[in-house]
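# Descriptive analysis of the structure
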Amino acid sequence: MLKKLDEIKSKAIDELSGISDIKALEDWRVRYLGKKSALTQVLRGLSALPVGERKRVGASANETKDMLEAALAQKSEELKETELALALERGGLDVTLPGRPIPLGRLHPVTQILQEICDIFASMGFQVVEGPEVEWDYYNFEALNIPRDHPARDMFSTFWIDFENERGERPMLLRTHTSPMQIRIMEKTRPPVRVVVPGKIYRYEATDATHETMLYQIEGLAVDENITLADLKGTLYEFARRLFGAERRVRFRCDYFPFVEPGAEMAIDCFICGGSGCRLCSNTGWIEIMGAGMVHPGVLRGVDYDPDTYTGFAFGMGVERIAMLRYGIDDIRLFYSNDLRFLRQF
Ligand code: PHE
């Protein structure tokens, strides 16, 4: 039996040295280590042997098996290396090929417009600041001249937060506009003030092509001595020309916001039809882009600014609306549905 094992071993090693491809190696494995191999037969027959012989033959058979397995592993490594070398020689493997590029992300279209707008105002001397999205009733309404039970509250569809104070009031909400930051900034600083405030706002709306429950606004505020309506018009005119083209004309019309007096709505002439009327401007020739006005004296008094010394202007615009105009997007919901086919276009 031991002699037989020796024979198997030397024959196997002999044959192995002549093998030069993976297929032949696999055949060799089946022949010498497979289920039907002579070696496996010896191992299977061990239990039939008398105890003394069983021990010796068993040890030798296992040793043979380990040895052949080790030789197989080494040969397999060698073959793989030669095949690689051959492939290189044949030119089948080009190690100078560039790697696969890592896909690059990009900024969301709303972020792009937001940054562009902030840059324009920054170049005119406005500072960019941000504020809280969860607000007190006081900042979102009261301090902006919209007292409790004032009908102007109906202008805003509000998400109230389920927090009750000791007087049974629920004074906390998701801000419905960025205007509360006007108050927070004036409370903390003295004139001159020149800021723009980008940020998210929330409204309790049924969503459709032009309404979302969450959107971005950019608020602007300038307060100093001698600021007049002419400064408001000049600043916003310059802004519109830089964002929508140097030939843009602007139109201001009266509008009502409780925290400004006078209040205005600003429109630009339609950049598609140039004012003759088309689908984008609903045949009016004009596109409304923001609310604005001179800061109400009551609001100034509320933050301890003397309205006889200081005046100011404020404005607020919806960023998605501007992005929609700019890129010709007809449904605001596209911005937040996270469809890469849409987002990759910007
Ligand atoms: N906060 C107003 C809105 O959300 C816009 C506005 C801002 C109007 C500043 C006038 C001055 O509708």
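Residues numbered from 1 in each chain as written. Predicted model: local features only at pLDDT ≥ 70, side-chain atom pairs only at ≥ 80, totals over all residues. Heavy atoms only, no water.

## Thoughts on the side chain of Thr 40
Its location among the elements puts Thr 40 in helix α3 (residues 38-45). The class for Thr 40 is buried, based on a relative accessible area of 16%. In this view, Thr 40 contacts Leu 33, Gly 34 and Lys 35; residues no more than four positions away in its chain are not counted. (Helix = DSSP H or I, 4+ residues; strand = E, 2+ residues; numbered from the N terminus. Buried < 20%, exposed > 50% of the residue type's maximum accessible area, 1.4 Å probe, protein only. Contact = heavy atoms within 4.5 Å.)

## Some remarks on the packing of helix α1 (residues 2-17) against helix α2 (residues 22-33)
It is the contact of α1 with α2, at a shortest axis distance of 11 Å, that shows an interaxial angle of 175°. Viewed along their axes, α1 and α2 adopt a mutual orientation that is roughly antiparallel. Across from Ile 8, Lys 11, Ala 12, Glu 15 and Leu 16 in α1, the residues of α2 making contact are Leu 25, Trp 28, Arg 31 and Tyr 32. Grouping the amino acids of the contact of α1 with α2 by side-chain chemistry returns six nonpolar, no polar and three charged. (Axes fitted to C-alpha atoms, helices over the stretch in contact; angles between N-to-C directions. Parallel < 35°, antiparallel > 145°, perpendicular 65-115°, else oblique. Nonpolar A, V, L, I, M, F, W, Y, C, P; charged D, E, K, R; others polar.)

## Let's talk about the packing of aromatic side chains
Inspection of every chain in the model, using the stated rule, returns 17 aromatic pairs. Ring plane angle 75° and centroid distance 6.0 Å describe the contact between Phe 335 and Phe 342, whose orientation is recorded as edge-to-face. Look at Phe 335 and you get buried, because its relative accessible area is 0%. A relative accessible area of 9% means that Phe 342 is categorised as buried. Among the aromatic residues, those joined into a ring-pair cluster are Phe 121, Phe 126, Phe 239, Phe 313 and Phe 315. Lying across the ring of Tyr 139, Arg 184 places its NZ or CZ 4.1 Å from the centre. Directly above the aromatic system of Tyr 237 lies the positively charged group of Arg 241, at a separation of 5.3 Å from the ring centroid. (Phe/Tyr/Trp six-rings, centres within 6.5 Å; stacked < 30°, edge-to-face > 60°. Lys NZ or Arg CZ within 6 Å of the ring centre and 35° of its normal.)

## Examining unusual backbone geometry
Cis geometry is adopted by the peptide bond preceding Pro 192, which originates at Pro 191 and carries an omega value of 0°. Summarising the element assignment, Pro 192 is placed in the loop between α7 (180-188) and β5 (193-202). With omega at -5°, the peptide bond leading from Glu 261 into Pro 262 counts as cis. Note on placement: Pro 262 falls in strand β8 (residues 260-269). One non-glycine residue with positive phi stands out, namely Asn 338, at about 55°. Secondary-structure assignment places Asn 338 in the loop between α10 (319-327) and α11 (340-343).

## Thoughts on the pairing of β8
Within β8, eight of the ten residues are buried, leaving the element largely enclosed by the surrounding structure. Of the pairings in the sheet, the one linking strand β7 (residues 250-254) to β8 comprises five bridges and is antiparallel in character. The residue of β8 that forms the bridge with Arg 251 is Ala 267. Hairpin connection from β7 to β8: five residues lie between these consecutive antiparallel strands. Pairing of β8 with strand β9 (residues 286-295), which is carried by eight bridges, proceeds in the antiparallel orientation. By the bridge assignment, Asp 269 is partnered in β9 with Trp 286. (Pairing = 2+ DSSP bridges.)

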